[in-house]
Amino acid sequence: MPFPHEHEEPCAREEPCPDEGPRAPEGPGEQGEFAESGSRRIALLGGGFSTDADGVLDDWALAHARGPRPKVCFVPTASGDAEGYADRFLAAFAARDCEPSVLRLFRRELDDVSLRAFLLAQDVVYVGGGNTANLLAVWRVHGVDKLLAEAYRRGTLLCGISAGANCWARGSHTDSFGPLTFLPDGLGLLPGSVCPHYDSEPGRRPSYRRAVATGELPAGWALDDGVGALFTDGVPTRTVARTPGARLYRVEPDGRGGVTETVVNL
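Not measured: the values here are computed from a predicted model.

Q: Would you take a moment to explain the packing of aromatic side chains for this structure?
A: The description of two aromatic rings rests on the distance between their centres and on the angle between their planes. Scanning all chains against the criterion turns up 15 aromatic pairs. Judged by centre distance (5.0 Å) and plane angle (75 degrees), the rings of Phe74 and Tyr85 are edge-to-face. Here Phe74 is found in strand β2 (residues 71–75), whereas its partner Tyr85 is found in helix α3 (residues 83–94), with eleven residues between them in sequence. A relative accessible area of 11% means that Tyr85 is categorised as buried. Ring geometry for Phe74 versus Phe89: centroids 4.8 Å apart, planes at 15 degrees, classification stacked. On the criterion of sequence distance, the pair formed by Phe74 in strand β2 and Phe89 in helix α3 is long-range, its members being 15 residues apart. With relative accessibility at 0%, the residue Phe74 sits in the buried group. Overall, Phe89 belongs to the buried group, its relative accessible area being 0%. Site record: aromatic cluster; members linked through ring pairs are Phe49, Phe74, Tyr85, Phe89, Phe93 and Tyr126. Stacked on the ring of Phe93, the Lys or Arg Arg96 has its end atom at 4.8 Å from the ring centre.

Calculation notes
Residues numbered from 1 in each chain as written. Predicted model: local features only at pLDDT ≥ 70, side-chain atom pairs only at ≥ 80, totals over all residues. Heavy atoms only, no water. Phe/Tyr/Trp six-rings, centres within 6.5 Å; stacked < 30°, edge-to-face > 60°. Helix = DSSP H or I, 4+ residues; strand = E, 2+ residues; numbered from the N terminus. Buried < 20%, exposed > 50% of the residue type's maximum accessible area, 1.4 Å probe, protein only. Lys NZ or Arg CZ within 6 Å of the ring centre and 35° of its normal.

Laid out in structure tokens, this is it:
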């Protein structure tokens, strides 16, 4: 189905986007366009079931899953596995043509073998918002960081909102420690850094720009609320906006103590 304000160009720049990694080999089980592209895919969401009633960004993410009726696992670690959050996901996705589930780690029930089998069987892993630093720490204790990297290499679509967008990159802009600051840590599956809520939270934009200008964070991607961005093998390949004016930006040091900010696609 078509989505509002969707674009498919690789990047709205005159030169190739920096930090492009080598193209990944095809993952087993990929079908259709994903098998043709040999793709490892990450979707950054500036909204979803927890913030938007229309479901546009969630539907858009599901449209990029491999195969029909995808298995979609929600991971609410960043919220401390808040039950209400998981319940809202299940209610939102029960009516969609997918098989929704929730992975809880604070009351973990699966052993290591079962946990690996469960995550590798997912077509989409959808990570919720909350505390990015806590999420990374808990994932590493349980080995989920390595399992998600393996799932990514095998063709699972990784996506998320807020902390669930931050976690895939090498670093991010976060309020994990109270005030807005930089976190030079992440899974590193997406080159560079990520900043969510670029247009909606006071201080986000200047704080992220400062961190990139000083080198505290690598060059990266800033998302307005209301935008979705699909990255294929580390490069932006599609964007969608559920609200007019919502954009994805590329933010890079300009070599003179500042940054350049380039609108991508929208």
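Moving on from the coordinates now.
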